[in-house]
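# Results of the structural survey
For reference, the chains in residue letters:
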Amino acid sequence: MGVPFVDLKRQYREIKQEILAAVEGVFDSTQFVLGKEVAAFEGEFASYCGVRHGVAVNTGTSALHLALLAAGIGPGDEVITVPLTFVATAAAIGYTGAKAVFVDVDPATYTMDPGAIEAAITPRTKAILPVHLYGQAADMDPIVAIARRHGLFVIEDAAQAHGAGYKGRRCGSIGDLGCFSFYPGKNLGAYGEGGLVTTDNADFARKIRILRDWGAETKYQHVVKGFNYRMEGVQGAILRVKLRYLEAWTEARRMNAAAYRKLLGDCGICLPVERAGNRHVYHVFAVLTPQRAEFMESLAERGVQTGIHYPIPVHLLPAYSELNHRPGDFPVAERIASEEVSLPMFPELADAEIEEVAQAVLEFQNVYQY
Ligand SMILES: *Cc1c(COP(=O)(O)O)cnc(C)c1O
């Protein structure tokens, strides 16, 4: 018995023949970097998101970096984001020379609190970068309205939100630019690294295409200082195969979340809230408990693996000490960081495994609830 936090082998077994055929096609073509499979994937993923342009890159971090550069962000600028995220969000802002300015998150949905944004805007602010954390869309309407009022760009960190919905629109299609990661553990994962920028803006798309390939408009015509951020051909081919399954896998994640809710609804643990109008895609099934260490240890004793996303909010990480933040600056993010536990969540999770996880949670809650 026991339940893994995530098991990528199960999915690979289901699609192995298609994947190997796709990889063989790339090898036969020798289009190892970019090439027609990557180009086809860009178009397919853009239309899946409901945008005109998709530009594939080598990682989600590169997607964020180039989206920020395309929006003209650089040294001396400020970008408003959240401290409750993977470090890459803040790192990408830093790569441009701009400063990450944090605002706290909403206590119900753990995404950017729109009510906190305006107080953080200064004459240097150039963009707002909300994160669709755990697979749930940030509250985009007020965020976009504030951005329009102040002449700011909106860049979505959709690295955890492939296919996530907000009032009928897909994440990555709501702001000026959307940034995705295809790291293997993400909802749409490559067999290696990958990323992509979505946008309706042809000029942004053109700039990002140039920047990802050494700043060259055509071979050896380097019009700007660029990067080697190109996607590999095999990743494009693999992602094309996997994109065809994404909706079914997302529905499976949502069914698993519904099963957890049914089994854990009354046990006193704090379950994720799905905001009305949102389609949460449960990259992470996050619960909160004030007794996190004991909770995780108790589940581990029963063979149930869990994770933490993320134990230290970015503003308190040693790497960002230059920002001079202290505990208490973003109390909601800090509380979530101290109480969050991620339960096993992946499309292939069996009903019996969900029951096993729930049983372990219920046993713990019976002992610790009071
Ligand atoms: C995974 C992730 C990234 C970075 O993506 P990589 O492909 O690992 O570079 C950025 N932001 C968030 C919120 C992520 O979860």
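Our structure's up above, just so we're on the same page.
The sections below set out a description of the structure shown in this document. Owing to the predicted nature of the structure, the values given are computational and were not obtained by experimental measurement. (Residues numbered from 1 in each chain as written. Predicted model: local features only at pLDDT ≥ 70, side-chain atom pairs only at ≥ 80, totals over all residues. Heavy atoms only, no water.)

### Re the overall build of the protein
Scanning the protein from terminus to terminus reveals eleven helices and twelve strands. Over its C-alpha trace the protein gives a radius of gyration of 21 Å, about what one expects of a compact globule, namely 21 Å for 370 residues. In terms of overall dimensions, the protein has a C-alpha envelope of 65 × 55 × 35 Å along the principal axes. Each of the 370 residues in the protein was classed as buried or not, and the buried ones make up 57%. Counting only carbon and sulfur atoms, one obtains 55% of the accessible surface of the protein, whose full area is about 15,400 Å². (Helix = DSSP H or I, 4+ residues; strand = E, 2+ residues; numbered from the N terminus. Rg over C-alpha atoms; globule rule 2.2 N^0.38 Å. Buried < 20%, exposed > 50% of the residue type's maximum accessible area, 1.4 Å probe, protein only. Areas by Shrake-Rupley, 256 points an atom, 1.4 Å probe, with all protein chains shown as cover.)

### Considerations on the sheet that holds strand S8 (residues 177-181)
Pairing is mixed across the open sheet formed by seven strands, whose spatial order is S1-S9-S8-S5-S4-S2-S3. Only two strands of the sheet have a single partner each, and these edge strands are strand S1 (53-57) and strand S3 (99-102). The mean inter-strand angle of the sheet, taken between neighbouring strand axes irrespective of direction, is 25°. Sitting on the sheet, helix H5 (residues 140-150) is in contact with strand S4 (125-128) and strand S5 (153-157), with an inclination near 150° to S5. Across the face of the sheet, helix H6 (residues 202-212) comes into contact with S1, S5, S8 and strand S9 (195-199) while running at roughly 15° to S1. (Pairing = 2+ DSSP bridges. Axes fitted to C-alpha atoms, helices over the stretch in contact; angles between N-to-C directions. Contact = heavy atoms within 4.5 Å.)

### Observations concerning the sheet that holds strand S6 (residues 165-166)
Taken in spatial order, the three strands of this open sheet run S7-S6-S10, and their pairing is antiparallel. At either end of the open sheet lies a strand with only one pairing partner, and these are strand S7 (169-170) and strand S10 (278-279). Relative to S7, S6 runs antiparallel, the two being bridged by two bridges. Counterpart to Tyr166 in the pairing with S7 is Arg169.

### Digging into the environment of Ala108
When you line up the elements, Ala108 lands in the loop between S3 and S4. Along the primary structure Ala108 and Val332 are separated by 224 residues, whereas in three dimensions their C-alpha atoms are 9.7 Å apart.

### Quick notes on the pairing of strand S11 (residues 285-288)
Residue alternation in S11 divides its side chains into two sets, Phe285 and Val287 and Ala286 and Leu288, and both sets are buried. Bridge count for S11 against strand S12 (residues 340-343) is four bridges, and the pairing is antiparallel. Across the sheet, the residue bridging to Leu288 is Glu340, located in S12.

### Some points on the nonpolar core
The biggest cluster of nonpolar side chains holds 91 residues, and the ones touching the most others in it are Phe45, Leu84, Ile155 and Phe182. Counting contributing residues per domain, this core is built from domain 1 (8-102 + 110-243) and domain 2 (246-368), each supplying no fewer than three. If we ignore the near neighbours within four places in the chain, the residues touching Phe182 are Phe41, Phe45, His162, Leu188, Gly189, Ala190, Gly192, Gly194, Gly195, Leu196, Met231 and Leu239. Judged by nonpolar contacts, the second largest core, of 25 residues, contains Val3, Ile269, Phe285 and Phe295. (Core = buried A, V, L, I, M, F, W, Y, C linked by side-chain atoms within 4.5 Å. Domains from an automatic or database assignment.)

### Some points on the site of the ligand
Neighbouring the ligand are 16 residues, the closest being Gly60, Thr61, Asp157, Ser181 and Lys186. A distance of 2.7 Å separates an oxygen atom of the ligand from a polar atom in the backbone of Gly60. Expressed as a share of its isolated accessible area of 380 Å², the protein-covered part of the ligand is 93%. Taken together, the elements giving at least two residues each to the shell around the ligand come down to helix H3 (60-70) and helix H4 (88-95). Here the element with the most residues in the shell around the ligand is H3; it accounts for three residues. (Near = heavy atom within 4 Å. Polar contact = N/O pair within 3.5 Å; in protein donor to acceptor, adjacent residues only side chain to side chain.)

### Section: the packing of helix H8 (residues 246-264) against helix H11 (residues 351-368)
Where H8 contacts H11, the two axes come as close as 10 Å, and the packing angle between them is 35°. With respect to the hand of their crossing, H8 and H11 are arranged in right-handed fashion. Residues Asn256, Ala259, Tyr260, Leu263 and Leu264 of H8 pack against Ile354, Glu355, Val357, Ala358, Val361 and Leu362 of H11. Looking at the contact of H8 with H11 residue by residue, the classes come out as nine nonpolar, one polar and one charged. (Left-handed = near helix turned anticlockwise from the far one by under 90°. Nonpolar A, V, L, I, M, F, W, Y, C, P; charged D, E, K, R; others polar.)

The analysis is restricted to geometry; functional conclusions fall outside its scope.
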